[in-house]
Amino acid sequence: MDIIWHKTSGQFHLFNDRISYIFGISPSGELAGIYFGKRIHDREDMSYIQIRVGMPNVAVDPATESYSMEINRQEYPSFGTTDFGTQAFEIETLNGSRVSSFVYKSHKISKGKEALHGLPATYADEKEAMTLEVELVDSVAEMTLILSYTIFDRYPVIARHATFKNNGAPRVKLTKALSCCLDLSDQNYEWMQFSGGWARERIPEVRKLSTGTVLIESKRGTSSANQNPFIIIKRPRTDDFAGEAFGFSFVYSGNFIAQAEGNNHDRLRILMGINPDRFEWPLEKGESFETPEVVIAMTDCGLNDLSQTYHKLYNNNLVRGKWKNRPRPILNNNWEATFMDFTEQSILKIAKKAKEAGCELFVLDDGWFGERNDDSAGLGDWIENPKKLPEGIAGLAKKVKALGLDFGFWIEPEMVNPDSNLYRRHPDWVLSAPGRKSSLGRHQLVLDYSRPEVVDAIYSMLCKVLKDAPVSYIKWDMNRSLTEVYSNDAPAELQGTIYHKHIMGVYALYERLRTAFPDILFESCASGGARFDAGMLYYAPQAWCSDNTDAMDRIRIQYGSSYGYPIVSIGSHVSAVPNQQTGRTVSIETRANVAYFGTFGYELDLNEISDEEFQEVKKQIVFMKQNRELIQFGTFYRLRSPFETEQNAWMVVSEDKKKAIVGFYCMRAKVYSLPGFLKLAGLDPDLKYRMEGKQYFGDELMNMGITLAEFYAKGFSVSEDYASFVTVIEAE
Ligand code: DGJ
């Protein structure tokens with residue numbers, strides 16, 4: 001890894017063993033993209049790539065009379081001059097002009113990576129990464145722009161963000177400040193997004209790119225279940241095992257856009273950042289604005305490789321604290337077992353059985369506080385309900401601990417029910433527009449986290465609950481989108497800052513709680529997976545993946561999530577049948593076979609299942625304890641897509657390639673068909689492995705594949721609806 005500055009040509013080359021990222025000062029003084037892809041040789045001057053020809057109907061820079069931004073690749077394009085593509089930022093100066101031009105002034109190359117301010121971001125020490133900061137100035141607007149690029153030694157990754165500073169002008173207004181732009185030199189790419197809605201999150205969708213714009217976004221105040229802030233730009237032939245692709249992962253949990261735009265000169269522009277719609281950030285003299293980070297990864301060997309990059313980078317350089325790279329406790333959560341109808345006694349009964357089964361953590365979900373007996377009341381009153389918990393959270397936690405289980409509980413700190421003491425005391429603490437009615441979502445309003453006193457108040461209430469309670473886990477929920485986003489505490493000219501300040505307030509509370517209680521494992525949740533993003537992983541190393549716990553639907557949701565997020569971050573539980581969301585009945589074996597590929601736990605009352613199933617559950621927990629380190633942190637491969645076939649298969653391989661675990665799932669039987677074969681991946685071709693008592697070479701398993709008929713013969717049903725098997729492969 002190194003960053004080379006070629007002074008005579010004004011070009012930068014960031015590279016490691018796998019990638020080269022090259023850009024430089026353009027003839028007009030701004031920054032122009034040159035290359036991003038597989039590692040190439042360094043050379044002094046690559047400006048030959050810039051086109052300087054007169055073309056009809058093309059605007060040119062007056063100093064050069066031939067250089068046009070429109071027909072060249074840009075690093076962080078501005079509005080109003082020779083580039084007619086979508087700009088990465090926009091600034092309005094006091095005279096109403098939005099034209100800008102930032103030209104190179106200086107740069108700094110350093111080892112490691114500095115933290116962003118109050119924002120989640122990847123981190124790295126001096127050996128792991130190098131950072132380039134390029135300082136650009138717009139002398140008319142009297143503004144500075146710093147573009148930051150970090151290259152990681154071990155990963156084919158560039159992390160980018162931008163910082164704007166007003167150096168002396170009267171107030172200017174940032175009306176757009178994206179985190180990155182990457183211009184590619186042709187349009188023969190496909191766009192892959194991860195979309196859905198409640199209970200069907202992160203479903204991959206692919207479409208061909210050409211001229212014109214593809215854009216996904218969230219305006220909901222959360223990253224959302226509708227569109228995930230992660231996209232892949234891939235060559236049409238790229239699949240999981242081969243081909244070129246770029247990933248763009250936004251380390252942010254609020255409104256965003258991701259966009260691809262092809263112009264008529266075969267340039268493809270990728271943009272990602274805070275959604276400019278509903279964003280306006282005034283900057284007074286001396287003030288600055290820092291964008292969140294985008295992590296751009298590159299592969300030339302397929303989407304499994306791209307996903308593995310994100311899995312490893314996020315496990316090693318995004319997740320922090322005690323739970324970084326630690327296998328996760330097997331938990332039992334009472335939500336689908338009791339909803340809000342419970343007493344301390346009934347909870348202890350469920351916990352006792354969970355302990356008997358081998359679980360390690362018991363989680364008390366919604367309903368333990370205020371007048372919270374259904375979802376119409378109590379949110380905001382973070383004080384135990386003595387009718388349900390006579391000795392409070394501390395008392396229950398101690399009793400659960402005495403059973404031999406760790407204890408955790410649920411909160412939804414960003415919300416308030418109108419029917420709550422908090423709202424009655426502070427009706428102005430919610431986001432609401434003057435004179436207008438406030439829309440409800442699940443009978444609740446959104447607290448205005450742009451106000452530090454609101455964050456302080458919630459922090460104090462939660463600290464009181466946590467004080468003296470042996471709590472080792474918190475499920476942090478968030479169950480509605482933001483509406484009427486207006487802060488009663490901010491002047492008119494700052495209302496455009498509220499969406500961003502709100503999510504900064506959420507991050508601030510997370511940071512304070514995790515600092516005060518460093519041993520607590522946080523699991524984020526937003527009506528299931530409506531805020532499953534890289535930003536959240538910085539605070540909460542795992543996320544409840546979906547409220548849909550049906551094993552067949554979960555295969556698709558977990559498969560989609562695996563493209564951009566580590567397996568250990570995917571909250572996955574076995575729940576009761578018939579399933580609450582789909583009514584489907586799937587065997588306890590298959591439910592576990594799906595849930596193993598995540599954090600693993602149970603979302604049901606184990607007292608309610610048959611003895612036979614309970615014995616099976618005990619075996620499942622033993623299996624997961626033996627194998628979770630490998631499953632959660634091994635190298636993960638998608639083998640067969642549940643979106644292209646009626647089957648799914650995935651596997652994990654240990655770092656030394658000596659052990660692997662394969663999961664195979666028949667989602668819908670195909671009558672009168674042979675079981676077929678399943679080709680594995682990631683093994684050592686020359687090693688001999690043992691699988692189900694037989695020996696195979698790695699190359700056999702990867703090229704000829706597993707004969708599924710053998711599993712059939714062994715009693716593993718692989719050709720029935722909802723049948724599955726999980727098998728362990730070990731080198732001899
Ligand atoms: C939505 C979550 O996704 C569920 O798991 C559960 O915690 C409920 N909220 C509780 O209200």
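Computed from a predicted model, the values in this text were never measured in an experiment. (Residues numbered from 1 in each chain as written. Predicted model: local features only at pLDDT ≥ 70, side-chain atom pairs only at ≥ 80, totals over all residues. Heavy atoms only, no water.)

A. Spotlight on the environment of glycine 273. Tracing the backbone shows glycine 273 in strand S17 (residues 268–274). With residues up to four places along the chain from it excluded, the contact list for glycine 273 reads Leu178, Ser179, Phe250, Asn255, Phe256 and Ile257. (Helix = DSSP H or I, 4+ residues; strand = E, 2+ residues; numbered from the N terminus. Contact = heavy atoms within 4.5 Å.)

B. Representation of a nonpolar patch on the surface within the structure. A contiguous nonpolar surface patch, about 220 Å² in accessible area, is contributed by Ile51, Val53 and Met55. Within the fold, methionine 55 resides in the loop between strand S4 (31–38) and strand S5 (89–92). Judged by its relative accessible area of 35%, methionine 55 is partly exposed. (Patch = residues over 30% accessible without salt bridge, like charges linked within 9 Å, V, L, I, M, F, W, Y side chains within 5 Å. Areas by Shrake-Rupley, 256 points an atom, 1.4 Å probe, with all protein chains shown as cover. Salt bridge = Lys/Arg side-chain N within 4 Å of Asp/Glu carboxyl O. Buried < 20%, exposed > 50% of the residue type's maximum accessible area, 1.4 Å probe, protein only.)

C. Region of interest: the domain arrangement of the protein chain. Partitioning the protein chain into domains gives domain 1 (2–317), domain 2 (331–633) and domain 3 (640–731). When each unit is reduced to the centre of its C-alpha atoms, the spacing between domain 1 and domain 3 is 40 Å. (Domains from an automatic or database assignment.)

D. Spotlight on the pattern of salt bridges. Counted under the stated rule, the structure contains 46 salt bridges. A salt bridge links glutamate 90 to arginine 98, with the shortest nitrogen-to-oxygen separation between them at 2.5 Å. Look at glutamate 90 and you get buried, because its relative accessible area is 10%. Of the residues examined, arginine 98 reaches a relative accessible area of 27% and is grouped as partly exposed. Residue aspartate 456 is joined to arginine 512 by a salt bridge in which the shortest nitrogen-to-oxygen separation is 2.6 Å. Taken together, the residues span a long stretch of sequence, with aspartate 456 in helix H6 (residues 452–466) and arginine 512 in helix H7 (residues 498–516) at a distance of 56 residues. Residue classification places aspartate 456 among the partly exposed residues on the basis of a relative accessible area of 33%. Look at arginine 512 and you get partly exposed, because its relative accessible area is 32%.

E. Here's a closer look at the environment of methionine 478. On the secondary structure map, methionine 478 appears in the loop between strand S26 (473–476) and H7. Residue classification places methionine 478 among the buried positions, given a relative accessible area of 3%. In this structure the C-alpha to C-alpha distance between methionine 478 and glutamate 412, which are 66 residues apart in sequence, comes to 5.6 Å. With residues up to four places along the chain from it excluded, the contact list for methionine 478 reads Thr222, Glu412, Glu414, Met415, Cys525, Ala526, Ser527 and Arg531.

F. Representation of the side chain of aspartate 183. Mapped onto the fold, aspartate 183 is located in strand S10 (residues 172–184). Looking at aspartate 183, its side chain comes within polar contact range of the main-chain nitrogen of glutamine 74, at 2.7 Å. Among all residues touching aspartate 183, those that are not within four sequence positions of it are Asn72, Arg73, Gln74, Arg267, Leu268 and Arg269. (Polar contact = N/O pair within 3.5 Å; in protein donor to acceptor, adjacent residues only side chain to side chain.)

G. Quick peek at unusual backbone geometry. Cis geometry is adopted by the peptide bond preceding proline 578, which originates at valine 577 and carries an omega value of -10°. Counting through the fold element by element, proline 578 comes out in the loop between strand S30 (574–575) and helix H10 (588–595). Located in the positive-phi region is glutamate 65, a residue other than glycine, with phi close to 60°. With respect to the helices and strands, glutamate 65 occurs in the loop between S4 and S5. Positive phi, close to 65°, is recorded for lysine 657, a residue that is not glycine.

H. Structural detail: the sheet that holds S26. If you walk across this open sheet you meet the nine strands as S29-S28-S27-S26-S23-S22-S21-S31-S30, and the pairing is parallel. In the strand order of this sheet, the two ends are held by strand S29 (570–571) and S30, each with one partner. Bridge count for S26 against strand S27 (residues 521–524) is four bridges, and the pairing is parallel. Each residue of the ladder has a partner; that of tyrosine 473, found in S27, is leucine 521. (Pairing = 2+ DSSP bridges.)

I. A look at the site of the ligand. Contacts to the ligand come from 13 residues, most closely from Asp365, Asp366, Lys475, Asp477 and Asp547. One nitrogen or oxygen atom from the side chain of aspartate 547 is found 2.4 Å from an oxygen atom belonging to the ligand. Notes on the ligand: free accessible area 290 Å², of which the protein chains cover 97%. Split into classes, the residues belonging to the shell around the ligand amount to four nonpolar, three polar and six charged. (Near = heavy atom within 4 Å. Nonpolar A, V, L, I, M, F, W, Y, C, P; charged D, E, K, R; others polar.)

J. Spatial organisation of the packing of helix H3 (residues 344–357) against helix H4 (residues 392–403). Look at H3 against H4: their axes get within 10 Å of each other, and the N-to-C directions meet at 25°. As summarised for this structure, H3 and H4 are arranged roughly parallel, according to the angle between their axes. As H3 runs across H4, the sense of the crossing is right-handed. Where H3 abuts H4, its residues Glu344, Ile347, Leu348, Ala351, Lys352 and Lys355 lie against Gly395, Leu396, Lys399, Val400 and Leu403. (Axes fitted to C-alpha atoms, helices over the stretch in contact; angles between N-to-C directions. Parallel < 35°, antiparallel > 145°, perpendicular 65-115°, else oblique. Left-handed = near helix turned anticlockwise from the far one by under 90°.)

K. Representation of the nonpolar core within the structure. Among the nonpolar cores identified, the biggest contains 198 residues, and Phe164, Phe248, Leu364, Trp368 and Phe409 are the most heavily contacted of them. Broken down by element, this core gets its largest block of residues, ten residues, from H6. By size, the runner-up hydrophobic cluster in this structure holds 22 residues, among which are Tyr637, Leu678, Leu683 and Tyr696. (Core = buried A, V, L, I, M, F, W, Y, C linked by side-chain atoms within 4.5 Å.)

L. Fine view of the side chain of serine 527. Positionally, serine 527 belongs in the loop between S27 and helix H8 (534–537). At 2.9 Å, the side chain of serine 527 forms a polar contact with the side chain of asparagine 479. Apart from residues no more than four positions distant in its own chain, serine 527 is found in contact with Trp198, Glu201, Asp477, Met478, Asn479 and Asp547.

M. Structural view of the pairing of strand S9 (residues 157–166). In terms of residue burial, S9 counts as a mostly covered element, since nine of its ten residues are buried. What sits between the antiparallel neighbours strand S8 (residues 143–152) and S9 is a turn of four residues. Sheet topology note: the S9/strand S20 (residues 293–299) ladder contains four bridges and is antiparallel. Each bridged residue has a counterpart across the sheet, and for arginine 160 the counterpart in S20 is valine 294.

N. View of H10. Taken across its eight residues, H10 has seven buried, putting it largely inside the fold. Those residues of H10 that fall on the buried side of the exposure criterion are Ile588, Thr590, Arg591, Ala592, Asn593, Val594 and Ala595.

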